[in-house]
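Listed below, chain by chain, are the residues.
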Amino acid sequence: MVFSPQVNVSISAKDIASFVLDNPKYDVDKPIYIDALDQSRWYSGRKARTAVRQLVAGFHALGLKQGDCVLINSMADIDYSILFLSIIAAGGIVCGSNPYYSEAESLHQLKRVTPRFIFTEAEFLDKMQSCAAKCEIGCNRIFIFDHRDPTIPGGFRSWRRLLEYGDSDWVRFTDDKTSRHTIAAYVMSSGTTGLPKAVVLSHCNIVAALTLGYDQERKDFEVRRILCFPQFATAAIYSNHFCPLRHGEVCFVMRRYETTAFLQNISKFNITEISVLPPILVQILQNSLGTKETLRSLRYVHGGGAAMPKPLVDRLRSLLPEGTPCTSIWGLSEASGIGTCFFWPEHDDTGSIGRLLPGLSAKLIDREGNDTSKFNNRGELCIKGPTVMLGYLNDAVSTNATIDPEEWLRTGDICYCDARTKKWYIVDRIKDLIKVNAFQVAPAELEEILLQHPDIADAAVIGIDAPEAATELPRAYVVPRQPTGAGLTEDMVKAFVAAKVVKYKRLEGGVRFVSSIPKALSGKILKNPLRDLARKESKTKL
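Being a predicted model, the structure only gives us computed values, none of them experimental. Residue numbers here run from 1 along each chain, matching the order of that chain's written sequence. A pLDDT threshold of at least 70 governs which residues receive local features in this predicted model, and a stricter bar of 80 or more applies before side-chain atom pairs are shown or counted, although totals over entire chains, interfaces and linings include all residues. Side-chain measures were taken over the full set of non-hydrogen atoms in the model, leaving aside hydrogen atoms and water.

Time to look at the pattern of salt bridges. A pair is scored as a salt bridge if a Lys or Arg side-chain nitrogen falls within 4 Å of a carboxyl oxygen belonging to Asp or Glu. Scanning the model with the defined rule gives 38 salt bridges in all. A salt bridge links aspartate 29 to arginine 46, with the nearest nitrogen and oxygen atoms 2.7 Å apart. One end of the pair, aspartate 29, is in the loop between helix 1 (16-21) and strand 1 (31-35); the other, arginine 46, is in helix 2 (residues 45-62), and 17 residues separate them in sequence. When accessible area is computed with a 1.4 Å probe and restricted to protein chains, residues below 20% of their type maximum are described as buried, those above 50% as exposed, and intermediate ones as partly exposed. Of the residues examined, aspartate 29 reaches a relative accessible area of 42% and is grouped as partly exposed. A salt bridge links arginine 410 to glutamate 380, with the nearest nitrogen and oxygen atoms 2.6 Å apart. With arginine 410 in strand 20 (residues 409-417) and glutamate 380 in strand 18 (residues 379-384), this pair connects stretches of sequence that are 30 residues apart. One network of salt bridges, with partners in common, ties together Asp22, Arg49, Arg53, Asp167, Asp169 and Arg172. Counting from the N terminus, the helices are DSSP H or I runs at least four residues long and the strands are E runs at least two residues long.

Right, here's the structure in full:
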């Protein structure tokens, strides 16, 4: 059995720049990107189109060739999305970089994607220059992305120099073969299965994700967003860089996320739509400004990056205006960032990740790769469709382990589809499942229970080896809520969980109290550091 698309949607073969910028159906003189700190800085659709054409001319003057990679290492700014789109429009391949990567992480990325040019802020120049030198990238190929500070370090050029070469139309095409095989972006994967790999996305991949995941939605309100999350993330390709200019969505850009400023801006700018990650949701609920009054303008809230704990979602929902949905989106970089969602105005209070996008197929497999697809049955979710990546850059082994010969992408997520509603649910990641005396225990289930405890601020669960019993046991790492959780004990936490689960799901591996839970920027819990802690503790006991 295969979960086939209930609706098939045609995908344009246009290049991304044409798909995003041509034939706008909104007032092109309306400000679209607005600096949240300085509202005199903004781009309208018309200004953005002009800037893209100027940057295309600048890149061609620099000698950028079809297929050259350009890396952006910067915090969020209204200029970021313009540069991002312009690199693709000029025939290049864009790659965003985490500005807070360590030098080793940055060097690894540069070696992976071999950029022809680098755009970075002066704040991060020393690190990037050092990495570039090790990759034989000269200072003449590094540009300073000077958003607010006009000071340019000696020997370097401002990115604005690219605006001085007149203007030129972008690289256009309309045939399916070119769209499918022309690379538009490299996106670094989460790295939960080893060192980060560069996901290769084509023009077709990105246009398909825009078409299937965003164009299908019909909202009856003016979209006004805050953009403050990492600009290099896969989700930012759509919400930050392309949807605003394609649909005329007004976006106020913050340099970085800060909870109080985020909440103040929701009220100040009458924001109607926000995206939240699980840790952000916790911070909103703990902030004194997280009130009905602050959130009164919201018409749509969606979360992603990791499973949204139902108790937290329920608390947020109680603060939202009546009729405002709060739903989840699921995706992964290897599938262009989106695979399931709910379309506005549908509500959900079941913890579902939504329904499969139109145009995508899905199946479920067991650990041996056998097809086990049927409703209400759990298995690893595999998807197929035009959003599936071309592969990992220069890594055929990892590509072949992820995409099978029939073009099914293994997601690594254990899921099931409800027979009645056709909603999908994530149970856990394959590698995270804990096997207790042949029974499977999902850490996500225990984590959700732990977060219901009033004195627990955050939690993560892993399996630890119990060689003497030839099994694994669940262990919890817990962050006590301050100041009420100061007296929390291991026995208290164990008893709280034991009252809610069958015997084999109890925290027999123990409880450890920590100051924080390691997480990726997306909000996903990083289990490997916790496993390392457990191994070190085990060796110490020996």
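Think of each axis as a best-fit line through the C-alpha atoms, taken over the contacting stretch in the case of a helix, with angles from 0 to 180 degrees between the N-to-C directions. One can describe the packing of helix 3 (residues 78-89) onto helix 8 (residues 236-247) by two numbers: an axis separation of 10 Å at closest approach and a directional angle of 80°. If you check the angle between helix 3 and helix 8, you find them roughly perpendicular. Residues Tyr80, Ser81, Ile82, Phe84, Leu85 and Ile88 of helix 3 pack against Ile237, Asn240, His241, Phe242 and Leu245 of helix 8. Residues belonging to the contact of helix 3 with helix 8 are distributed by class as follows: eight nonpolar, three polar and no charged. Under this scheme an angle from 65 to 115 degrees is roughly perpendicular, one under 35 degrees roughly parallel, and one over 145 degrees roughly antiparallel; angles in between are oblique. Any two residues whose heavy atoms approach within 4.5 Å at even a single point are treated as in contact. Only Asp, Glu, Lys and Arg are considered charged in this grouping, and only Ala, Val, Leu, Ile, Met, Phe, Trp, Tyr, Cys and Pro are considered nonpolar; every other residue, Gly among them, is considered polar.

Here we take up helix 4 (residues 103-113). Within helix 4, burial applies to Ser106, Leu107, His108, Gln109, Leu110 and Val113. Looking at the packing, one finds that the buried side of helix 4 touches strand 3 (69-73), strand 4 (93-97), strand 5 (117-120), helix 5 (125-134), strand 8 (183-188) and strand 9 (198-202). The first or second residue beyond helix 4 is threonine 114, which carries a positive phi of 40°.

Overall, antiparallel pairing links the four strands, which are arranged 17-18-20-21 in an open sheet. Of all strands in the sheet, those with a lone pairing partner are strand 17 (361-365) and strand 21 (424-429), marking the two edges. Strand-to-strand, the axes of this sheet are offset by a mean angle of 50°, without reference to chain direction. At least two DSSP bridges between two strands are needed for those strands to be called paired. By the bridge criterion, four bridges tie strand 18 to strand 20 in an arrangement that is antiparallel. Counterpart to glycine 379 in the pairing with strand 20 is cysteine 415.

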